[in-house]
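# Observations on the three-dimensional arrangement
Chain by chain, the residues run as shown.
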Amino acid sequence: MSQANPEHSELDLSSCDKEPIRTPGSIQPHGFLLALSPTLDVLQASDNLEQMIGADAARAIGQPLERVIGEQASLQLRPEIDAADIGQRPLYLCTLGIGPARHFDVLAHCYDGLLIVEFEAVERASAADLRHLHRQVGDFLLKVGDSAAAPAMCELAAREIRRVTGFGRVMVYQFDEEGHGHVLAECRDDAYPSYPGQRFPASDIPPQARELYMLNRIRLIQDANYTPARLLPPINPVTGAANDLSFAALRSVSPIHLQYMRNMGTLASMSVSLMV
């Protein structure tokens, strides 16, 4: 990890392994979150609700879903919720229009007695068309068959993921039995620093963070400079404890990790866990 920015010198790096990263009490602000009862009444809401859809978060508590997102949006979303087999892991329900100009990909999962519904802002008005990925994935699988050795497969994976996502740098990073990290492969734009072969201490990604990699296999951080959107009320009304957001796609991440990203010149990231 590079030298910390002085304006963030109050961060205590020695406490990384004690951070309550599963219960941050907030989400990333490029979407909003509603925690619903079985009757689809709002029990909690993220405090960026007004910014997202023009609804007051405090006044939304206790209201039925249609009063918060609008009757037309609710008429589209309720049947999707009723028909879906919603479990602990986020399930895509639909792409929903709320108001005249905002559209959201809607994910839902059940945890700690709540139906947690996440609305991630998107520019398109309908579900993503993934048909263009079919040939790319097929070509990738054919190439994997020709790359029996693990190093060659790692290089191929980094190259193909970068081609599909457009990220400036993609790394394949392996944890050893003690939690230390090793960069096995990389594909990057020439403007980015190169990391293949570099090794990082286990303290960089502490045990509770590595556990989350096993539970929630994909994590996205849209902007390392974001200001979190807090949950209102801050306590889960069903459990009386802070919300466990382990499986929430919008879960806010550690401020220490965000500083780590900024130190590396990384302002957005996606992590995909490959479990062996």
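In this text, all values refer to a predicted model and were calculated from it rather than measured experimentally. Starting from 1, residues in each chain are numbered consecutively following that chain's sequence as written. Only residues with pLDDT of 70 or above have their local features reported here, since the model is predicted, and side-chain atom pairs are shown and tallied only from 80 upward, although totals for entire chains, interfaces and linings are computed over all residues. Note: side-chain values were computed over all heavy atoms of the structure, leaving out hydrogens and water.

### What about the sheet that holds strand 6 (residues 114–122)?
- Should DSSP find at least two bridges between two strands, the strands are taken to pair. Put simply, DSSP H or I for four residues or longer makes a helix, DSSP E for two residues or longer makes a strand, and each gets a number counted from the N terminus. Strand order across the open sheet formed by seven strands is 1-11-3-2-6-5-4, with antiparallel pairing between neighbours. Both edges of this open sheet fall to strand 1 (26–27) and strand 4 (91–98), since each of them pairs with a single strand only.
- Where strand 5 (residues 102–111) and strand 6 come together, nine bridges link them in antiparallel fashion. What sits directly across from Y111, in strand 6, is L114.
- With respect to the sheet, helix 4 (residues 71–83) is in contact with strand 4, strand 5 and strand 6, its orientation differing from that of strand 4 by roughly 170 degrees. Note on contacts: a residue pair is in contact if any heavy atoms of the two residues lie within 4.5 Å. A fitted line through C-alpha atoms represents every axis, and for helices the fit uses only the stretch in contact; the resulting angles, taken between N-to-C directions, go from 0 to 180 degrees.

### Concerning the nonpolar core
- Residues L34, L49, I53, I69, L77 and F119 are the most contacted members of the largest nonpolar core, which totals 29 residues.
- Element by element, the count of residues in this core is highest for strand 4, at four residues.
- Not counting residues within four places of it along the chain, the set of residues in contact with L77 comprises L65, I69, L93, C94, L96, V106 and F119.
- Core analysis: the second largest hydrophobic core is formed by twelve residues, L33, A35, F247 and A248 among them. Residue types Ala, Val, Leu, Ile, Met, Phe, Trp, Tyr and Cys, when buried and joined through side-chain atoms within 4.5 Å, form a set referred to as a nonpolar core. A 1.4 Å probe rolled over the protein chains alone gives each residue an accessible area, and that area as a share of the maximum for its type sets the label: buried under 20%, exposed over 50%, partly exposed in between.

### Focus on the confidence of the model for the protein
- Confidence along the protein averages 89 in pLDDT terms, with 92% of residues attaining 70 or more.
- pLDDT expresses how confident the predictor is about each individual residue, on a scale running from 0 to 100. Contacts for the low-pLDDT stretch residues 1–9, under 50 throughout, to residues beyond four places or in other chains number twelve contacts.

### Some points on the environment of R262
- Mapped onto the elements of the fold, R262 is located in helix 8 (residues 255–263).
- Once the C-alpha coordinates of R262 and L220 are considered, the two residues, 42 residues apart in sequence, prove to be 15 Å apart.
- Any N or O atom pair separated by 3.5 Å or less is treated as a polar contact, with the protein-specific requirement of one donor-capable and one acceptor-capable atom, and with residues adjacent in sequence counted only for side-chain atom pairs. Here the side chain of R262 touches Q259 through a polar contact of 3.0 Å, side chain to side chain.

### Overview of the pattern of salt bridges
- Here a salt bridge means any side-chain nitrogen of Lys or Arg lying within 4 Å of a carboxyl oxygen belonging to Asp or Glu. In this structure the tally under the stated criterion is five salt bridges.
- Among the ionic pairs, R163 bridges to E160, the shortest N-O distance being 2.6 Å. A residue pair is termed a helical-turn pair when its members lie 3 or 4 positions apart in one helix, as R163 and E160 do in helix 6 (residues 150–165) at three residues.

### Concerning the state of the cysteines
- What counts as a disulfide here is a pair of cysteine sulfur atoms lying within 2.5 Å. Across all of its chains, the model carries zero disulfides by this definition.
- Here C94 is not disulfide-linked; the sulfur of C110 is the nearest cysteine sulfur, at 15 Å.
- In this structure C154 is not part of a disulfide, and its nearest cysteine sulfur, from C187, lies 13 Å away.

### Some thoughts on the sheet that holds strand 8 (residues 181–188)
- One open sheet accounts for three strands, arranged 7-8-9; its pairing is antiparallel. Taken across any chain shown, the strands that pair with only one partner, and hence form the sheet edges, are strand 7 (169–175) and strand 9 (199–200).
- Both strand 7 and strand 8 contribute to a ladder of seven bridges, which runs antiparallel. Residue pairing for strand 8: F175 is matched across the bridge by G181.
- The strands touched by helix 6 within the sheet are strand 7 and strand 8, with strand 8 carrying the most contacts at an inclination of about 50 degrees.

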